[in-house]
Amino acid sequence: MLNNDTIAAIATASGVGGVGVIRVSGARVKDIAVQVLGELPPKRRATSKIFLNKSGDIVDSGLAIFFQGPYSYTGEDVLELQGHGGVAVLRMLLRACTDAGARVAQPGEFTQRAYLNNKLDLAQAESVADLIEASSEAAVLSANRSLSGEFSERVSLIRNELIEIRVFIEAAIDFSDEEIDFIETHQMETRMKRLSEKLVELRGVATQGNLLREGVKVVLAGEPNVGKSTLMNLLAEEDVSIVTEHEGTTRDLIQRRITIKGVPILLTDTAGLRLSSDPVEKIGIQRTISNLKEADIILELRTADSAANRFDYMTDIDENRKIAVVNKIDLLGDSGHSMVSGKNRPVYLSAKTGDGLGELKARLLEKAGVKMGDEAPFMARERHLNALRSAESHVDLALINIESIDLCAEDLRLGQNSLSEVTGEFVADDLLGEIFSSFCVGK
Ligand SMILES: Nc1nc2c(ncn2[C@@H]2O[C@H](COP(=O)(O)OP(=O)(O)O)[C@@H](O)[C@H]2O)c(=O)[nH]1
Ligand SMILES: [Mg+2]
């Protein structure tokens, strides 16, 4: 087991900073403290110390804090050294710790130990990484809701309910020669239905959190001069793309991260799509086309005065990913832009005046699946959504099979396993490896 050795890592971001932190965890922490600090500092108290290397040179001075296991992040003895945030000094300090008996930690290994020592469940451990990587305030808030255990708690409540139903059904199998009470079967059916509804509801909230985690890739596409770059600048609230009246101005992909109502969006401005003989522009157009394939949502721009796109470049792209945008309505005066209605109606806009921008943002969020419900979302990963979906389908099958009690019991057992995957009571080792290896080192 990994847990026998003592790990150390630079916990602060690499580069220059006011403070740099080294974290050490494991059975040899006390010895390492004696070697690097001269003595073990008192528990949980920031103590000013000089940090020494193997040869007795002063590497740095700063604060040392000792957390005795199990009252630490990892559940093991932990030492934190807060020194100066320089690249060389931190590297030397890390070396002093490894010379004293630690080895360099793998990515996410501190959090993995916290999970293995039951300090956090798996969903909470994942939200540590999600909090660090959160790219909007809404994402931070939802990652914290998951980290505090609210999401896990909801999953556990549903799982406990499922276990109660299982106990009844399994008991019915064991006493199969006795007549099963019709009323109780009916009650179980009602409870399973309610369970299924709760799972759908929880998945809805988790899906919103997943959007905050993943963000939405939005690409601006259309013929040259329809106003893509102008719209990019309007949405980004700064001049990121060059705007001219000349066709073929934008050649490379230009990207900006923006947020709309807290939802992170990666916005890409592209070269206008047309048949071009200019070699540089041609490459730009190729990049545009491959970028369109990866987009979650494509804003397909045309202008109010051009009837339709002349260049047929998006035929193989799913209509559900497109929003038609008609730009430059300021040139039209009052006429002409409220003729089309319905769900797939174009958004009428002036990227110059900002008219119609609110409508465009609302349509973007709607297309991305953002539903501003009463409940703030939990940060959730695709893995969690799949597990919830799988639990849902097992419970639904159990309902269908309620008359064939063995099948019903098996469906419920599988449903319980799916729920246990979320919080990590039931999870394969290679999945754990995959999850923690995507963390940063020192976390
Ligand atoms: N009147 C008007 N002109 C616009 C509007 N949006 C863009 N333009 C102009 O159209 C030209 C091309 O704009 P640009 O953003 O570079 O188009 P792109 O080639 O699609 O990126 C520029 O001269 C812009 O000032 C709009 O909403 N109304
Ligand atoms: Mg442009």
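Residues numbered from 1 in each chain as written. Chains lettered and ligands numbered in written order. Predicted model: local features only at pLDDT ≥ 70, side-chain atom pairs only at ≥ 80, totals over all residues. Heavy atoms only, no water.

### So, the overall build of the chain
Within the chain, the regular secondary structure consists of 13 helices and twelve strands. What you see for the chain is a C-alpha radius of gyration of 29 Å, clearly larger than the 22 Å of a compact globule of 443 residues, by over 25%. Considered along the principal axes of its C-alpha atoms, the chain spans approximately 80 × 80 × 35 Å. Every one of the 443 residues in the chain was classed for burial, and the buried ones make up 48%. By sequence separation, contacts in the chain at least 24 residues apart represent 66% of the contacts at least 6 residues apart. Summed over its atoms, the accessible surface of the chain is roughly 22100 Å², and 51% of this surface lies on carbon and sulfur atoms. The chain carries 50 positive and 67 negative side-chain charges, and their two centres are separated by 7 Å. (Helix = DSSP H or I, 4+ residues; strand = E, 2+ residues; numbered from the N terminus. Rg over C-alpha atoms; globule rule 2.2 N^0.38 Å. Buried < 20%, exposed > 50% of the residue type's maximum accessible area, 1.4 Å probe, protein only. Contact = heavy atoms within 4.5 Å. Areas by Shrake-Rupley, 256 points an atom, 1.4 Å probe, with all protein chains shown as cover. Lys, Arg positive; Asp, Glu negative; His and termini not counted. Charge placed at Lys NZ, Arg CZ, Asp CG, Glu CD.)

### Section: the layout of surface pockets
Rolled over the atoms, a probe sized like a water molecule indicates the empty space that remains. Quantified by volume, the largest pocket comes out at close to 660 Å³. What lines the largest pocket is a set of 33 residues, and nearest its centre among them are T207, Q208, L211, V370 and K371. At the level of secondary structure, the elements contributing two or more residues to the lining of the largest pocket comprise helix 5 (137-147), helix 7 (182-214), helix 10 (357-368) and helix 11 (382-400). Among the elements that line the lining of the largest pocket, the one with the most residues is helix 7, at eight residues. Of the residues in the lining of the largest pocket, the class split is 14 nonpolar, nine polar and ten charged. Lining the lining of the largest pocket are residues from two domains, each supplying at least three of them: domain 2 (127-212 + 381-424) and domain 3 (219-368). Lining the second largest pocket we find 25 residues, and of these N225, G227, T230, V243 and K328 sit closest to its centre. Broken down by element, the residue count for the lining of the second largest pocket peaks at three residues, all from helix 8 (residues 228-236). For the lining of the second largest pocket, a count of residues per class yields six nonpolar, 13 polar and six charged. (1 Å grid on protein atoms, 1.4 Å probe; cavity = no way out; pocket = protein on both sides within 12 Å on 5 of 7 lines; lining within 4 Å. Points joined across faces, edges and corners; volume = space filled by probe spheres on them. Nonpolar A, V, L, I, M, F, W, Y, C, P; charged D, E, K, R; others polar. Domains from an automatic or database assignment.)

### A closer look at the domain arrangement of the chain
The assigned domain composition of the chain is domain 1 (2-119), domain 2 (127-212 + 381-424) and domain 3 (219-368). Each of domain 1 and domain 2 was reduced to a C-alpha centroid, and the two centroids are 40 Å apart.

### Side note on the site of ligand 1
Contacts to ligand 1 come from 17 residues, most closely from N225, K228, S229, T230 and D330. A distance of 2.9 Å separates an oxygen atom of ligand 1 from a polar side-chain atom of K328. Here ligand 1 is seated within the second largest pocket. Here the element with the most residues in the shell around ligand 1 is helix 8; it accounts for three residues. Looking at the shell around ligand 1 residue by residue, the classes come out as five nonpolar, seven polar and five charged. (Near = heavy atom within 4 Å. Polar contact = N/O pair within 3.5 Å; in protein donor to acceptor, adjacent residues only side chain to side chain. Sits in = over half its atoms within 2 Å of the grid points.)

### Brief notes about the packing of aromatic side chains
Counted by the stated rule, this structure contains three aromatic pairs. For the pair F151 and F378, a centre-to-centre distance of 5.4 Å together with 35 degrees between the ring planes defines the contact as tilted. In this pair, F151 is assigned in helix 6 (residues 150-174) and F378 in the loop between helix 10 and helix 11, connecting sequence segments 227 residues apart. Residue F151 shares its accessibility class with F378, and that shared class is buried. A centroid spacing of 5.3 Å and a plane angle of 45 degrees characterise the contact between F436 and F439, whose relative ring orientation is tilted. Overall, F436 belongs to the buried group, its relative accessible area being 1%. (Phe/Tyr/Trp six-rings, centres within 6.5 Å; stacked < 30°, edge-to-face > 60°.)

### Focus on the environment of G222
Topologically, G222 is positioned in strand 7 (residues 216-222). Residues G222 and E382, spaced 160 residues apart in sequence, show a C-alpha to C-alpha distance of 32 Å.

### So, the pairing of strand 5 (residues 78-85)
With six of eight residues buried, strand 5 is to be regarded as a mostly interior element. Pairing of strand 2 (residues 17-25) with strand 5 involves eight bridges; the strand directions are antiparallel. When the bridges of strand 5 are listed, G20 appears paired with G83. Here strand 4 (residues 58-67) pairs with strand 5 via five bridges, running antiparallel. Bridge assignment links I65 to a residue of strand 5, and that residue is E80. (Pairing = 2+ DSSP bridges.)

### Things to note about the packing of helix 6 against helix 12 (residues 405-423)
Between helix 6 and helix 12, the least distance of the axes is 9 Å, while the angle of their chain directions is 160 degrees. The angle between helix 6 and helix 12 falls in the class roughly antiparallel. Here helix 6 and helix 12 pass one another in a crossing that is left-handed. Considered class by class, the residues forming the contact of helix 6 with helix 12 number 15 nonpolar, five polar and five charged. (Axes fitted to C-alpha atoms, helices over the stretch in contact; angles between N-to-C directions. Parallel < 35°, antiparallel > 145°, perpendicular 65-115°, else oblique. Left-handed = near helix turned anticlockwise from the far one by under 90°.)

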